[in-house]
Amino acid sequence: MEEQMEQAVPMPRLGDKAPEFEAPTTHGTLRLSDFKGSWLIIFSHPADFTPVCTTEFMAFAEIFPDLQQRGVELLGLSVDSITAHIAWVRNIEEKMGVKIPFPVIADLSKEVSMKFGMLHPGQSKTETVRTVYLIDPNQVIRLILYYPLSTGRNMSEILRVVDALQAADKYGVATPANWKPGDMAIVPPPQTQESAEERLNQGYECVDWYLCRKKI
Amino acid sequence: MPCVSPDGKPTESGMAILAALDGGKTSPEDIAAETNRPLFRVRSGLRELLGAGLVSQSGESFALTEQGKAVL
């Protein structure tokens, strides 16, 4: 029965509207809709006062200015209390000298975790796995990353994918494997035979009609 | 940060929003620009100030109530 209930929880998918919530955070009560008009990263961590999560919080704090520069807000979450969050954030500042500038949801009820599919019973029945949801200004989910409890996230990849999605939106392009800002982007595949032939003369760098790159 | 303390009085953040409203800013976007605070914090702050009876809302526009003017 428990297994059936776990399977019945809908998991948000790419392209879905992110589920609305209202939750207590270290910066007061926040709703998802408060972030409308900005890019937003919601990320979950398993628990406060744990070693990998502490390194991740410091790493997220380090890239916080880079995210702000890209118009991205940051919001953490775990199934811990506000008191635990405050104590941990203060401890990180006191012991590691790193100020945590972003709000953290205290999801003791697991309401937000359940809505976002952050609880993976195969990993833990009580702790959220390491998820990253990148939500666009229209509050559509554009990226979901799941990392297991044992593995800390790669901040460079998070910044890279923000750049890639923002470039895709701005220039109407796709980005190839290992793309980084400054690299050529991929022109979306043609949808007609005529446009397939035309694009070979449009100044793109084409390997063939279906794989053309351009500078952005 | 919370804009209203447990005793119902506006915090420093709350006072900044109230001051922006007093200065003629009425939208969350304008208040965020005026106070140099993130838009999400201004939206949540206005909600708290609304609940405390310090501001009123009409559509997307906010204004000080008499109670809000009194604390400035």
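Thresholds, definitions, all that
- Residues numbered from 1 in each chain as written.
- Chains lettered and ligands numbered in written order.
- Predicted model: local features only at pLDDT ≥ 70, side-chain atom pairs only at ≥ 80, totals over all residues.
- Helix = DSSP H or I, 4+ residues; strand = E, 2+ residues; numbered from the N terminus.
- Expected span 1.5 Å × (residues − 1).
- Buried ≥ 20, exposed ≤ 12 C-beta atoms within 10 Å, placed from the backbone.
- Arc of directions from axis to C-beta.
- Contact = placed C-beta atoms within 7 Å.
- Domains from an automatic or database assignment.
- pLDDT = per-residue confidence, 0-100.
- Pairing = 2+ DSSP bridges.
- Nonpolar A, V, L, I, M, F, W, Y, C, P; charged D, E, K, R; others polar.

Some remarks on the environment of Gly15(A)
Inspection of the secondary structure puts Gly15(A) in the loop between helix 1 (2–8) and strand 1 (22–25). Separated by 121 residues in sequence, Gly15(A) and Asp136(A) place their C-alpha atoms 10.0 Å apart.

Here we look at helix 5 (residues 155–171) of chain A
All names here are of chain A. Between its terminal C-alpha atoms helix 5 stretches 24 Å, which fits the 24 Å expected from 17 residues at 1.5 Å a residue. Of the positions making up helix 5, those classed as buried are Ile-158, Val-162 and Ala-164. Buried residues in helix 5, looked at end-on, bunch into an arc of 165 degrees, giving them a common side. Opposite the packed face of helix 5, turned more than 90 degrees from it, sit the exposed residues Ser-156, Glu-157 and Lys-170. For helix 5, the secondary structure elements touched by its buried residues are strand 4 (72–78) and strand 6 (130–135).

Structural notes on the domain arrangement of chain A
According to the domain assignment, chain A consists of domain 1 (2–153) and domain 2 (172–214). Put simply, the middle of domain 1 of chain A and the middle of domain 2 of chain A, counted by C-alpha atoms, are 36 Å apart.

So, the confidence of the model for chain B
Taken over all residues, the pLDDT of chain B has a mean of 93, while the share at 70 or more is 100%. Taken over the whole predicted complex, pTM reads 0.91, whereas the ipTM for its chain interfaces reads 0.88.

A look at helix 2 (residues 28–35) of chain B
All names here are of chain B. Among the residues making up helix 2, those that are buried are Pro-28, Ile-31 and Ala-32. The buried side chains of helix 2 occupy one side of the element, clustering within an arc of 100 degrees when seen end-on. If you follow the buried residues of helix 2, they end up packed against helix 1 (12–22) and helix 3 (39–51). Remark: Asn-36 follows helix 2 within two positions and exhibits a positive phi of approximately 60 degrees.

Here's the deal with the sheet that holds strand 8 (residues 185–186) of chain A
Spatial strand order, 8-10-9 (chain A): three strands in an open sheet with antiparallel pairing. The sheet is open, and its two edges are formed by strand 8 and strand 9 (205–208) of chain A, each paired on a single side.

Some words on the interface of chain A and chain B
Taken together, the contact pairs nine residues of chain A with nine residues of chain B. A per-element tally of the side of chain A that touches chain B places strand 2 (residues 28–31) of chain A first, with three residues. Residue composition of the side of chain A that touches chain B, grouped by class: two nonpolar, five polar and two charged.

Describing the pairing of strand 3 (residues 39–44) of chain A
Residues and elements named next belong to chain A. In terms of burial, strand 3 is a largely internal element, five of the six residues being buried. Pairing of strand 3 with strand 4 involves six bridges; the strand directions are parallel. Note that in strand 4 the partner of Leu-40 across the bridge is Glu-73. Relative to strand 6, strand 3 runs antiparallel, the two sharing four bridges. Bridging across to strand 6, Ile-41 finds its partner in Leu-134.

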